[in-house]
Amino acid sequence: MGDPLKAALRIRRIPLAVVTEVRYEPPTGRRRGSIRLVVVPGTDPLRPLLRRTEPGPDSDPDTLVISHAHAVQAATFAEMLRARLTAAGPAVGADDAPWIESGVLPIEVSGSDGRVSFDGTTVGLRFGRLASPEKRRTGRRDLPLEAIADVRVEHPGFTGWLHFALAGTPVADPGSPRTDLNTLVLNADRSESYAILGAAVLAGVHRTATRVHAELLAPCQPSPSSSDDIRPERRDSRTPTQSGSRSPSWAEPTPVGSGLAPADRPRSVSRKERRAAARATKDYAKALVVWEREQRLLDELVAAARRIGKASRGATHDLFILKANETVLWTGRTSLVEPRRRPGHYSGGSSGVRLGIAKGVSVRVGASSRHYTPGPEVQTPVDRGTAMVTTQRVVFKGPHASREWAFPKLLGVESATDGKSVLLPVSNRQKVSGLLLGDLAEECAAFLALGLAVLEHGPSTVTAECMAAAERHRGERPSPPSPSGAQTE
């Protein structure tokens, strides 16, 4: 079985103009290889909408997993693609680059209160019998592409939502998703098809000259260069004449310095200043990605804290039966690790002497000692399954083993040196076991800390603290660098 996201995605169109690097890892041993395309930040509307912005190779939309049988073809393809990138020159800036397109139109996604579809020009919302009275009275709602400014997603745990922010209105999360006419309430969906639809809408909005996320899509504009410092510029192959469309006059940029006297025009920027501006833009993009990942985790913690107390006794979640007053905070695919002893070895020898009786015949006289030294105990993965963190415990369930770590019996939380596993010693078991989480370690540790804090301080206090932390972090958003051509003589 393939990855659900890639199966729902089907097609991913990445223009060569936005590719900055081709990373190829050949398959070795039992490990499969991969080819990943690194693109210009701000040109991919799908990745910011995914639950995990940096998934593993099997789930990464820009990564192709390579088997041993196709290793030679993959290496040849990677070299050919690198040669094309070198011949084409440096990648275009995010402001001039085309966006990556995802999915096959038309796209339709079902939710708990209706459906949403997108055919390339119109977003159609159809609300069913489980929708609120306000939505049922609307019936069907069509939003033209020109009327949409942004797409917001709340990933479903039990439920989530997909919101379309209209142009001319403040871009913010819906106040009440169940009554907001531009919002579809979502069910749990492993394929994240709602994110694919949202990315297709954002790509369409970008084609209509509406700028979304301007701080990512509009880095420093290049300033006019001197006559002795002219470099070939890489352009997108899809020009207006080829596509049959032309941007309106109000969408075309005004030439820098037009209408100014020669003395008032900005001076030409040197190559050193342009390189400094490019480094500043790159550092800003990296800092923004980190900030968005941390902010998304804080928002998920706030959403999880608000759900506390809404589950009833006997409810089920992914085949887990919940206890009274228990709320699920996080679930994920992990491995169970337990101590297993490695093979030992024998050591020691004889302390006697050998006596010759006849030619070719001898006998050993004296003591002989030899003892067995057992191997060390090492935390070893013993099963692969699903882990769940709630307000009362941590549970693992796999095809061969199941474990439960109740918070009242928990003696502590220990992180491995590699940062990819968590050990959970409890008072009712002598040996220490835990979870091998990999890239999910940081996320799981945050929700585990949330569950322990709820047990100690109560849900209302923890919810208020999470909201305050998310609001503080929202105010620490990195600032975009200043344009390189802003200096004047």
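What you are looking at is a predicted structure, and each value in this text was computed from that prediction instead of being measured. (Residues numbered from 1 in each chain as written. Predicted model: local features only at pLDDT ≥ 70, side-chain atom pairs only at ≥ 80, totals over all residues. Heavy atoms only, no water.)

## Quick look at the pattern of salt bridges
Then, in step 1: Under the criterion given, the structure shown has 25 salt bridges.
Then, in step 2: Between Glu79 and Arg82 there is a salt bridge, with the nearest N and O atoms lying 3.0 Å from each other. Here the residue Glu79 and the residue Arg82 both occupy positions in helix α2 (residues 71-88), the gap between them amounting to 3 residues, near one helical turn.
Then, in step 3: Among the salt bridges present, the one from Arg403 reaches Glu338, with a minimum N-O distance of 2.5 Å. (Salt bridge = Lys/Arg side-chain N within 4 Å of Asp/Glu carboxyl O. Helix = DSSP H or I, 4+ residues; strand = E, 2+ residues; numbered from the N terminus.)

## A closer look at the packing of helix α7 (residues 271-307) against helix α8 (residues 441-457)
Then, in step 1: Where α7 meets α8, the closest approach of the two axes is 11 Å, and the angle between their N-to-C directions is 35 degrees. With respect to the hand of their crossing, α7 and α8 are arranged in right-handed fashion. Side by side, α7 and α8 meet where Leu297, Glu300, Leu301, Ala304 and Ala305 of the first sit next to Glu442, Glu443, Ala446, Phe447 and Leu450 of the second.
Then, in step 2: Split by residue class, the contact of α7 with α8 holds 7 nonpolar, no polar and 3 charged. (Axes fitted to C-alpha atoms, helices over the stretch in contact; angles between N-to-C directions. Left-handed = near helix turned anticlockwise from the far one by under 90°. Contact = heavy atoms within 4.5 Å. Nonpolar A, V, L, I, M, F, W, Y, C, P; charged D, E, K, R; others polar.)

## Considering the pairing of strand β7 (residues 114-118)
Then, in step 1: The element β7 is largely enclosed, with a buried count of 4 among its 5 residues.
Then, in step 2: Sheet topology note: the β7/strand β8 (residues 122-127) ladder contains 5 bridges and is antiparallel. In the strand pairing of β8, Gly114 is matched with Phe127.
Then, in step 3: Counted between consecutive antiparallel strands, the loop separating β7 from β8 contains 3 residues, among which Gly120 sits at a positive phi close to 105 degrees. (Buried < 20%, exposed > 50% of the residue type's maximum accessible area, 1.4 Å probe, protein only. Pairing = 2+ DSSP bridges.)

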